[in-house]
Structure formats: structure tokens, C-alpha cells
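Read off the chains here:
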Amino acid sequence: RDCDIFPKDFYEQHHFEQKDRGVMESGSVQVFNDRFRDRQNQEIWLHTVKLPMQMPSGDQLLLGLSLNVTEKQRLEAEQALTIAKLNAYVRSEQLVNRILTNALGNDDFYAAGRDSLRLLAEFHGANHAFVFRYLDDTLDFSRCEHSWGGEENLELFQNEKFSMRLLPSWNERIADGCDIVIPNT
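Residues numbered from 1 in each chain as written. Predicted model: local features only at pLDDT ≥ 70, side-chain atom pairs only at ≥ 80, totals over all residues. Heavy atoms only, no water.

A.B. asks: Run through helix 5 (residues 109-124), naming residues and quoting values.
C.D. replies: For helix 5, built from 16 residues, the straight-helix expectation of 22 Å at 1.5 Å per residue is met to within 8% by its first-to-last C-alpha distance of 23 Å. Looking at helix 5, one finds that the buried residues are Ala111, Ala112, Asp115, Ser116, Leu117, Leu119 and Ala121. At the C-terminal side of helix 5, glycine 125 shows a positive phi close to 70°. (Helix = DSSP H or I, 4+ residues; strand = E, 2+ residues; numbered from the N terminus. Expected span 1.5 Å × (residues − 1). Buried < 20%, exposed > 50% of the residue type's maximum accessible area, 1.4 Å probe, protein only.)

A.B. asks: Can you lay out the pattern of salt bridges for me, pointing to particular residues and giving the numbers?
C.D. replies: Per the counting criterion, the structure on display carries 7 salt bridges. For lysine 19, the salt bridge goes to aspartate 34, with nearest N and O atoms at 2.5 Å. With lysine 19 in helix 3 (residues 16-26) and aspartate 34 in strand 1 (residues 30-37), this pair connects stretches of sequence that are 15 residues apart. Residues lysine 19 and aspartate 34 agree in their burial class; the two are buried. Through salt bridges that share partners, Glu71, Arg74 and Glu78 make up one connected network. (Salt bridge = Lys/Arg side-chain N within 4 Å of Asp/Glu carboxyl O.)

A.B. asks: Requested: an account of the confidence of the model for the chain, with residues and values cited.
C.D. replies: Averaged over the chain, the pLDDT score is 79; the fraction of residues at 70 or greater is 73%. Confidence scores differ between elements of the chain, with helix 1 (residues 2-5) showing the lowest mean pLDDT of 60 and strand 2 (residues 43-54) the highest of 92. (pLDDT = per-residue confidence, 0-100.)

A.B. asks: Run through the environment of tryptophan 45, naming residues and quoting values.
C.D. replies: Locating tryptophan 45 in the fold gives a position in strand 2. Separated by 26 residues in sequence, tryptophan 45 and glutamate 71 place their C-alpha atoms 8.3 Å apart. If we ignore the near neighbours within four places in the chain, the residues touching tryptophan 45 are Asp34, Arg35, Leu67, Asn68, Val69, Thr70 and Gln73. (Contact = heavy atoms within 4.5 Å.)

This is how it looks when you write it as C-alpha cells:
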């Protein structure tokens, strides 16, 4: 029994008794995936199979087998993250290809730039996109060179000199290679 293996407070905290009763009452095999923290606060995952057994004497026993699947869980989480990153790369590559194809097929530089901004905004689910040019070496001020957007007038970005301090972490995010997405307010 779990109460024979785990400390009483741990056993009660994780509702082992309720699970054990549920298995005995169901009369069928049940599978549990539980996450715990060990004494060093490290995450542990257990995959447990429990089944009730009737002995020839009529006594009912609960048979359980647990496997530590912590490494499997870690690898699956890592795999999911890798897949998400790969999907992001593929989407980015598709966007770059769409923008380049659009630019190459357009003799009008400004129309190509506007269409590229539109594609970029659509990619991010945004209704506006901008190209800023820094006006000083400290990267504190810029001017909106090009924009594409919906009906709303975004006066904030129409100034000749725009303070980049209004957008926290802007320079750090650019240095880290991140896209800058400003949520609609």
C-alpha cells in the first residue's frame, strides 16, 4: 500500500487513499501519472498502474507498479519545445519568402515596402506594422519611416521624433533578435 511506502503527510496530500479506494471499487485496472517534488524540490513523475486482485481465500489485494518516468517527461517537454521552435522557423521562413517574392515582383519600392509590412502584420495577427529609423546613437529617438495599418490613426507614431523610452525593453528585444509586437490598447 502507498501508505506503507510514503510518509503520512505526503500520502494524504496526494490523495493516494482515495485513488486506492477508487481502484478497489471499480474492480478494474487504473493508470495514474503523478507529479511530485522530492526532498530536494526536484520534480519526479511516476507512471503507476494499479489493479485489484482477489485471492483464493477471498481477501482483496491492491497490486500496484510505479515507474519513474521523469526523464521521459523531460524529453517529451523538450521535444515539444523543439517542435514549437522548428514550426516558428518554418513560419518565419515562409514569411520571408512571401515578402521577398512580393518585393521582387513589384517595381514600386514603396508599394513593396507597404505590402511587406502588411504581410508582417498579418503574420503576427497585428493590424499595424511600422519601420522606424533611429535618429541618434543612443537609440533613444526614432522616426516612423513607413507604416501599414488599419483604419485607426496611431498619432503616437506619426511624430517626427518619437521617444523609444515609451516602449520598454525595445532595444533589448531587438538585440535579442525578437520581433516587437505592440498589443492593441
